Amino acid sequence: MATQQTTEILEVEDEEQRQRRLQDILENLNVTGPETASRMQPPPMAFDFGERRTYAMEPPTELLSRIQQFLPQIAQSNADLVQRDPRSIDIEHIEETDERVIQMASCCSCVPPVIAEGQ
């Protein structure tokens, strides 16, 4: 007994057929009246938010006091920086006389380390 195979063919429209189909759809949208347009729009969604009440909250006094102590310090530091020579605080340019320097590599895990000869 032989099994019967069914073959399905995928119908693919060419560019002209696609343009015509889209044009027909858009023309139908333009022709529809208000009664048809209202049937096409989904009904407005209603969401039950439940009981909405507000509660008085005390400010975070410890955090607020720490911020109030910090703000004058940062303001004083900013004022001190304005008075200094901009070249003295430029971290991009290091003087030759600087003994200790921390150098950051932006992608040190991406590139395998290179070991110099003699090490």
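Residues numbered from 1 in each chain as written. Predicted model: local features only at pLDDT ≥ 70, side-chain atom pairs only at ≥ 80, totals over all residues. Heavy atoms only, no water.

Focus: the overall build of the protein chain
Part 1 of the reasoning: Per the secondary structure count, the protein chain includes three helices and zero strands.
Part 2 of the reasoning: Beginning at the N terminus, the succession of helices and strands in the protein chain can be written as α-α-α.
Part 3 of the reasoning: Going through the 119 residues of the protein chain one by one, you find that 1% of them count as buried.
Part 4 of the reasoning: As presented, the protein chain carries roughly 13300 Å² of accessible surface, and 55% of it is formed by carbon and sulfur atoms. (Helix = DSSP H or I, 4+ residues; strand = E, 2+ residues; numbered from the N terminus. Buried < 20%, exposed > 50% of the residue type's maximum accessible area, 1.4 Å probe, protein only. Areas by Shrake-Rupley, 256 points an atom, 1.4 Å probe, with all protein chains shown as cover.)

Regarding the pattern of salt bridges
Part 1 of the reasoning: Within the structure shown, the criterion is met by five salt bridges.
Part 2 of the reasoning: Here Glu51 ties to Arg53 by a salt bridge, and the two come within 3.3 Å at their closest N and O atoms.
Part 3 of the reasoning: Taking relative accessible area as the criterion, Glu51 reaches 64% and is therefore assigned exposed.
Part 4 of the reasoning: Among the salt bridges present, the one from Asp85 reaches Arg87, with a minimum N-O distance of 3.5 Å.
Part 5 of the reasoning: The partly exposed category is assigned to Asp85, whose relative accessible area is 36%.
Part 6 of the reasoning: We classify Arg87 as exposed; its relative accessible area is 68%. (Salt bridge = Lys/Arg side-chain N within 4 Å of Asp/Glu carboxyl O.)

Quick word on the confidence of the model for the protein chain
Part 1 of the reasoning: Per-residue confidence for the protein chain gives a mean pLDDT of 78; residues scoring 70 or more make up 77%.
Part 2 of the reasoning: Averaged pLDDT values over the elements of the protein chain bottom out at 59 in helix H2 (residues 34-40) and peak at 92 in helix H3 (residues 61-83). (pLDDT = per-residue confidence, 0-100.)

Some points on a nonpolar patch on the surface
Part 1 of the reasoning: Taken together, the side chains of Leu63, Ile67, Phe70, Leu71 and Ile74 define a hydrophobic patch exposed on the protein surface, amounting to about 440 Å² of accessible area.
Part 2 of the reasoning: Here Ile74 is to be found in helix H3. (Patch = residues over 30% accessible without salt bridge, like charges linked within 9 Å, V, L, I, M, F, W, Y side chains within 5 Å.)

So, the layout of surface pockets
Part 1 of the reasoning: Taken as a whole, the largest pocket spans an internal volume of roughly 230 Å³.
Part 2 of the reasoning: Surrounding the largest pocket, ten residues form its lining, Ile91, Glu92, Ile94, Val101 and Ile102 being those nearest its centre.
Part 3 of the reasoning: Per-class residue counts for the lining of the largest pocket are five nonpolar, two polar and three charged. (1 Å grid on protein atoms, 1.4 Å probe; cavity = no way out; pocket = protein on both sides within 12 Å on 5 of 7 lines; lining within 4 Å. Points joined across faces, edges and corners; volume = space filled by probe spheres on them. Nonpolar A, V, L, I, M, F, W, Y, C, P; charged D, E, K, R; others polar.)

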